[in-house]
Amino acid sequence: MTSRRPISALLPDRHPQGDLFICDILDAAPKGDMSSMEHPVFSLATRPDLRPRHYQRGDNWLKVNPSQYGMATVHDRDILIYAISQCMAALNAGRKVDRRLRFKAHDLLVATNRQTSGPGYRLLKDALRRLQGTQIETNIRQGGKEYFRVFGIIESAEIVRETRDGRMEELEIVLSDWVFDAIENNHVLTLSRQYFRLRKPLERRLYEIARKHCGRQSQWKIRLSGLREKCGSTSSPKEFHRLLRTIIARDQVEHHMPDYSYAIEGNALVVTPKPKRDRRGSSRNRDSIEIHLDADTYEAARAAAPGWDVYYLEGEWREWISVKGIMPKHPDRHFLAFCSRRGPERGLFE
């Protein structure tokens, strides 16, 4: 009997960046709005979740009510990330944005590492139904505003153009004010591209929470009971802890969780940034090479790579020179050359 090959902790990279056809599509840095990264807006379920939720921390409260199609899921959030990413790329390029966005369905599927086969388009249509149907009532501030009304995550979705065989080709969505306020007020954070390869909803949720709360701090802690609520988990505390330990144990072997390491200490989860690894396997922190850039360099970088988030590019540049072991004699010129090779960012609003 032949032994079965173990399943990788990560989804396959369905659209490698080496493919020149899709390179520009993937160039917009993935970004998520901070409020839904911090609070349990999306369901962890993989089947239709029809249970309403109520979450409260201090004076902040959030009620989420699903539609007949179920609550919007963590994987449905990919559509929101794509929309926010494209809007931020447009704003960084000095272009105006609107709550109404139109884009190609194929581009979205590629950028979020989803299947581009028939089932992939059907799953996308289901996700749009859940995003539009999920109703939120909250007083949580997004971009400095406070809400005391009910709204959907997206206001509407429409297939604008289809192929001859009925597959969606171009679609249009209207973002809710809640989401658009985050975009206008830059209340967003850049995410790792590996986020889209995480298989388990809880893995994605853990990363979102770590990215929001830990950031570049040396350490961040949260009680397991508070983490369970913040994740929006409906599992029992015992089962939640088991799932958490399984993810942590697998990450220690496969290092599949991006950017952060997780450990359970007593009744708390401890999150720490992961050191970057070079090709020889040794660990280097992205900021281990002490290089300081002039303030004027960032303005020059925006001109060299219009539409890009220059701080995202700086992070990629620092990681690249760390991996290569490069110590530039003229860091500012070196960084600007790196930005120039990126060129202008493609967005939705050209």
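Here's what I pulled together on the structure shown here.

1. Focus on helix α4 (residues 118-133)
The end-to-end C-alpha distance of α4, which contains 16 residues, comes to 23 Å, matching closely the 22 Å that a straight helix rising 1.5 Å per residue would cover. Within α4 the residues assigned to the buried category are G118, G120, Y121, L124, A127, L128, R130, L131 and G133.

2. Considerations on the sheet that holds strand β10 (residues 220-223)
Strand order in the open sheet made by the three strands is β10-β12-β11, with antiparallel pairing throughout. The sheet is open, and its two edges are formed by β10 and β11 (260-265), each paired on a single side. Strand-to-strand twist in this sheet, taken as the mean axis angle between neighbours without regard to direction, amounts to 25°. In terms of strand pairing, β11 meets strand β12 (residues 268-273) through six bridges, oriented antiparallel. Bridge pairing links I264 to L269 in β12. The sheet strands contacting helix α6 (residues 201-213) are β10, β11 and β12, and the helix crosses β11 at an angle near 100°. Helix-sheet contacts for helix α8 (residues 237-254) involve β11 and β12, and the interaxial angle to β11 is about 130°.

3. Points about the side chain of T297
Mapped onto the elements, T297 comes out in helix α9 (residues 295-304). Judged by its relative accessible area of 5%, T297 is buried. Sequence-distant contacts of T297, that is, excluding residues within four places in its chain, are made with D332, F335 and L336.

4. Here's the deal with the sheet that holds strand β3 (residues 60-65)
Spatial strand order, β2-β3-β5-β6: four strands in an open sheet with antiparallel pairing. Two strands close off the open sheet at either side, each with one partner strand: β2 (53-57) and β6 (150-152). Each adjacent strand pair in this sheet contributes to an overall mean axis angle of 20°, direction not counted. Sheet topology note: the β2/β3 ladder contains five bridges and is antiparallel. Paired with R53 across the two strands is V64, which belongs to β3.

Conventions used here
- Going along each chain's sequence as written, the residues are numbered from 1 onward.
- A pLDDT threshold of at least 70 governs which residues receive local features in this predicted model, and a stricter bar of 80 or more applies before side-chain atom pairs are shown or counted, although totals over entire chains, interfaces and linings include all residues.
- Side-chain numbers here rest on the full set of heavy atoms in the structure, without hydrogens or water.
- Numbering goes from the N terminus for both helices and strands, where a helix is a DSSP run of H or I of at least four residues and a strand is a run of E of at least two.
- Take the residue count of a helix, subtract one, and multiply by 1.5 Å to get its expected span.
- With a 1.4 Å probe rolled over the protein chains alone, any residue whose accessible area is under 20% of its type maximum counts as buried; one over 50% counts as exposed, and the rest are partly exposed.
- Note on pairing: two strands pair once DSSP finds at least 2 bridges between them.
- For helices, the fitted axis covers only the stretch in contact; all axes are lines through C-alpha atoms, and the angles between them, taken along N-to-C directions, range from 0 to 180 degrees.
- Contacts are assigned to residue pairs that have any heavy atoms within 4.5 Å of one another.

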